[in-house]
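# Inside the fold
So the chains spell out like this:
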Amino acid sequence: GLIAALRTGCEAVRTPYTVVLDADLSYAPETIGALARTLEASGAAIVLASPYAEGGRVSDVPAVRRVASRAANHLLSACVGGRIKTFTGMVRAYETDLLARALRSRHRGEFNAWVVAEALREGCSIAEMPAHLAWPASRREVSRISSTKLLRRALDVLIVARQLLFERRPGTAGLRRSHA
C-alpha cells in the first residue's frame, strides 16, 4: 500500500529533501524539479503540487473523481481558512526527516491529508505551487471507484477535518523540526 511504498522509498533517501509523485505521471516529470526548487527557496517543510491553487489546473479527470476531490479539498481548505487549497494530493516535496517521522507516527484518516494537518498543528511551514493534474488516457479507462471505497475516503477526510478543527495544539506525533 501507499504507506509501505513511502516507507521503503524514504528509507532509501540520502538527501535532505524527498519528492513524491504518482507512478502514472498524472503530473509532468518537470514537477519534480519545481517542487524541489520551491521547497529549498521557500524554507517550507512541505511543498504541495496544487491543481487548486491559483494558476493550477485539472484536465481529463473523470467527473466522479474530480467532484470528490474538489469537495474533499474544499472542506479541508475551509478548516484552515483557505490557506491551503490541496490536502489530498500525494505529489509533494518534503524535508526527508519530516516525512520519515510522519511515516513512523500513527496516522488517522487519509495519510496525505493527515500529514499536512499534523504538520500545520506542529507549526511547520507548508507551501503550495500551482500544478497541472492531467490523467493519462490509460488511467481514465480504469478510473471506476466503488461506492464503498468512496465512502471510506470521505470518512478519512472527515477524520482529518476534525483534526484540523479541534486539535490545534501541538501533539506528541513529533513532526516538529529537530533543532540539533
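All values derive from a computational prediction rather than experimental measurement. (Residues numbered from 1 in each chain as written. Predicted model: local features only at pLDDT ≥ 70, side-chain atom pairs only at ≥ 80, totals over all residues. Heavy atoms only, no water.)

### Quick word on the confidence of the model for the protein chain
Residues with a pLDDT of 70 or more make up 88% of the protein chain, whose mean pLDDT is 86. A low-confidence stretch, residues 176-180 stays under pLDDT 50, and its non-local contacts, those more than four residues away or across chains, total 10 contacts. (pLDDT = per-residue confidence, 0-100. Contact = heavy atoms within 4.5 Å.)

### Some points on the packing of helix α5 (residues 111-121) against helix α7 (residues 147-166)
For the pair α5 and α7, the least separation of the axes is 9 Å and the interaxial angle reads 5°. Taken together, the axes of α5 and α7 lie roughly parallel to each other. In this structure, α5 contributes A113, W114, A117, E118, L120 and R121 to the contact, and α7 contributes V160, Q163 and L164. (Axes fitted to C-alpha atoms, helices over the stretch in contact; angles between N-to-C directions. Helix = DSSP H or I, 4+ residues; strand = E, 2+ residues; numbered from the N terminus. Parallel < 35°, antiparallel > 145°, perpendicular 65-115°, else oblique.)

### Re helix α3 (residues 63-79)
The α-helix advances 3.6 residues per turn, and as a result positions three or four apart in sequence lie on the same side. Along its 17 residues, α3 runs 24 Å from first to last C-alpha, staying within 8% of the 24 Å computed at 1.5 Å per residue. Those residues of α3 not exposed but buried are R65, A72, N73, L76, S77 and C79. When α3 is viewed along its axis, its buried side chains cluster within an angular range of 150° and face the same direction. Exposed residues pointing more than 90 degrees away from the buried face of α3 are listed as V64, V67, H74 and A78. One or two steps after α3, the chain reaches G81, where phi turns positive at roughly 65°. (Expected span 1.5 Å × (residues − 1). Buried < 20%, exposed > 50% of the residue type's maximum accessible area, 1.4 Å probe, protein only. Arc of directions from axis to C-beta.)

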